[in-house]
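# Coordinate inspection notes
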Amino acid sequence: MSTFTIFLALIIIVAFLLVVVIMVQNPKGGGLSSSFGGGATQIGGVQKTSDFLDKSTWTLATLLLVLILLSNVTIMDGNSVGESKIMGSEPEVETNVPAPVQPPVQNPEE
């Protein structure tokens with residue numbers, strides 16, 4: 001398995017977690033914390049769930065950005081020449097041009 005494939009799998013996992021964390025939040029301040037009884041609910045040792053979700057959102061977004069940038073570096077390292085295979089080769093031009101169609105010849109005698 002290549003390094004890029006590992007980064008791609010990590011990017012997909014982090015993106016999914018980021019979507020889940022964002023969907024749990026409520027834009028009006030309710031979100032997960034209001035579902036369990038209000039502002040000072042203690043879930044898993046966290047006093048304010050909204051602060052935890054906010055920090056996890058920023059952490060996952062930063063991690064996603066770093067993984068994307070690192071995967072770009074691995075793509076560039078995997079190619080020894082440093083340029084795309086498509087751009088490195090000359091395009092093949094088809095030289096077979098069909099012959100022009102001759103108009104039908106009419107007899108002047110008729």
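Above this text is the structure in question.
Quick summary incoming for the structure in this document. (Residues numbered from 1 in each chain as written. Predicted model: local features only at pLDDT ≥ 70, side-chain atom pairs only at ≥ 80, totals over all residues. Heavy atoms only, no water.)

## Let's talk about the overall build of the protein
Heads up, the condition is: Only DSSP runs of H or I covering at least 4 residues are called helices, and only runs of E covering at least 2 are called strands; the numbering of each starts at the N terminus. Remark: exposure states derive from per-residue accessible area (1.4 Å probe, protein chains only) relative to the maximum for the residue type, with buried under 20%, exposed over 50%, and partly exposed in between.
Summing up its helical and strand segments, the protein has 4 helices and 0 strands in all. Helices and strands appear in the protein in the N-to-C order α-α-α-α. When the 110 residues of the protein are sorted by exposure, 16% land in the buried category.

## What to know about the nonpolar core
Using the following cut-off: Among buried residues, the Ala, Val, Leu, Ile, Met, Phe, Trp, Tyr and Cys ones that are joined through side-chain atoms within 4.5 Å form a nonpolar core. Contacts: residue pairs with any heavy atoms within 4.5 Å of one another.
Formed by F7, I11, V14, L18, V21, L53, L60, L64 and L67, the largest nonpolar core amounts to 9 residues. At the level of secondary structure, the elements contributing two or more residues to this core comprise α1 (3-24) and α3 (49-78). Among the elements that line this core, the one with the most residues is α1, at 5 residues. Apart from residues lying up to four places away in sequence, L67 is in contact with F7, L10, I11 and V14.

## Examining a nonpolar patch on the surface
Our working definition: Only residues whose relative accessible area exceeds 30% and that form no salt bridge are eligible for patches; like-charged ones are grouped when within 9 Å, while nonpolar side chains (Val, Leu, Ile, Met, Phe, Trp, Tyr) are grouped when within 5 Å. Note on areas: these come from Shrake-Rupley sampling with a 1.4 Å probe, and a residue is covered only by the protein chains present in the view. The rule for a salt bridge is simple: a side-chain nitrogen of Lys or Arg has to be within 4 Å of a carboxyl oxygen of Asp or Glu.
Where nonpolar side chains cluster on the molecular surface, the patch consists of M1, I6, L10, I13, F16, L17, V20 and V24 and spans about 770 Å² of accessible area. Along the polypeptide, V20 turns up in helix α1.

## A short note on the side chain of S56
Put simply, the rule reads: Any pair of N or O atoms that falls within 3.5 Å is considered a polar contact. Within protein, one atom must be able to donate a hydrogen and the other to accept it, and sequence-neighbouring residues count only if both atoms are side-chain atoms.
Of note, S56 is situated in helix α3. Accessibility expressed as a relative area gives 15% for S56, which makes it buried. A distance of 2.9 Å separates the side chain of S56 from the backbone oxygen of L53, its partner in a polar contact.

## Re the side chain of T57
Tracing the sequence through the fold places T57 in helix α3. From its side chain, T57 meets the backbone oxygen of L53 in a polar contact 2.7 Å long. For T57, the contacting residues outside a window of four places in its chain are L18, V21, I22 and Q25.

## Here's the deal with the environment of F4
Mapped onto the fold, F4 is located in helix α1. On the basis of relative accessible area, F4 is assigned to the partly exposed category, the value being 33%. Along the chain, F4 and N72 lie 68 residues apart, while their C-alpha atoms are 8.3 Å from each other.

## Considerations on α1
The line we're drawing: One fewer than the residue count of a helix, multiplied by 1.5 Å, yields its expected span. Comment: arc refers to directions from the helix axis out to C-beta atoms.
A rise of 1.5 Å per residue sets the reference length of α1, with its 22 residues, at 32 Å; its end C-alpha atoms lie 32 Å apart and thus fit the reference within 8%. Of all the residues in α1, the buried ones are F7, I11, V14, L18 and V21. All buried residues of α1 project into a common sector of 95° when viewed along the axis, lining one side. Residues of α1 that are exposed and angled more than 90 degrees away from the buried face: I12, F16 and M23.

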